[in-house]
Amino acid sequence: MRFSYEPEQKRQKFSEIKAGLDDAESLIRKMDLEARSLQPNVKAVLLAKLREYKSDLNNLKSEHKRLASANSNQAARDDLLESGMAYAMSVSANQRGRLMMSTERLNESSDRIKESRRTMLETEELGVSILQDLHQQRQSLLHANDTVFLLLKVPYRKNK
């Protein structure tokens, strides 16, 4: 038996079916939780039935999804044919606007990357400079240490 519904009625029916499927899934989850809290002998039987219910529900969901997809494809074709060139022009203008926004965001991101790269290079330069200063200070300390060591080796002479 086939029913002939207007597109809006079809959408409404599909929404009602989807709501019913969601309610059924919620109820099955609640029954599952309740069944798990029962005694083992009853629990096993109920969990087996719940698996069947879940399987049936998944089959119904798949069928609903398939029909909804086919319906939405047909609705999209109908909308496109009804709207004609005006729809195509508005979509084109919308796409152009989105493309302009995307290009602007891309340019802003590129500028941020360039600024980050410049900051990174400055930081690297500063790090190299600091390492060179530390190396020079190390060399000075080693030289001072050697000088002190040599002075301690030379015997101390008193003026007589």
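Look above for the structure.
Residues numbered from 1 in each chain as written. Predicted model: local features only at pLDDT ≥ 70, side-chain atom pairs only at ≥ 80, totals over all residues. Heavy atoms only, no water.

Across its full length, the chain holds two helices and zero strands. Restricting the contact set of the chain to residue pairs at least 6 apart, pairs at least 24 apart contribute 56%. Of the accessible surface of the chain, which amounts to about 14500 Å², a share of 58% is contributed by carbon and sulfur atoms. (Helix = DSSP H or I, 4+ residues; strand = E, 2+ residues; numbered from the N terminus. Contact = heavy atoms within 4.5 Å. Areas by Shrake-Rupley, 256 points an atom, 1.4 Å probe, with all protein chains shown as cover.)

The next subject is the pattern of salt bridges. Counting across every chain of the model gives nine salt bridges. Two residues, Glu25 and Arg29, come together in a salt bridge whose shortest N-O distance is 3.8 Å. Of this pair, Glu25 and Arg29 are both found in helix H1 (residues 7-36), four residues apart, which corresponds to roughly one turn of the helix. Bridged by salt links that share partners, the residues Glu25, Arg29 and Lys61 form one connected network. (Salt bridge = Lys/Arg side-chain N within 4 Å of Asp/Glu carboxyl O.)

Before going further, it helps to examine the side chain of His64. Among the secondary structure elements, His64 is positioned in helix H2 (residues 40-153). Its relative accessible area of 13% is what places His64 among the buried residues. Residues within four places of His64 in sequence aside, it is in contact with Phe14, Ile17, Lys18 and Leu21. (Buried < 20%, exposed > 50% of the residue type's maximum accessible area, 1.4 Å probe, protein only.)

The next point concerns the nonpolar core. Formed by Leu21, Ile28, Ala35, Leu47, Leu50 and Leu57, the largest nonpolar core amounts to six residues. Among the elements of the structure, H1 and H2 are those that each provide at least two residues to this core. Not counting residues up to four positions away in its chain, the partners in contact with Ile28 are Leu50, Tyr53, Lys54 and Leu57. (Core = buried A, V, L, I, M, F, W, Y, C linked by side-chain atoms within 4.5 Å.)

A surface patch of nonpolar side chains, amounting to about 400 Å² of accessible area, comprises Leu126, Ile130, Leu131 and Leu134. Relative to the helices and strands, Leu134 is located in helix H2. (Patch = residues over 30% accessible without salt bridge, like charges linked within 9 Å, V, L, I, M, F, W, Y side chains within 5 Å.)

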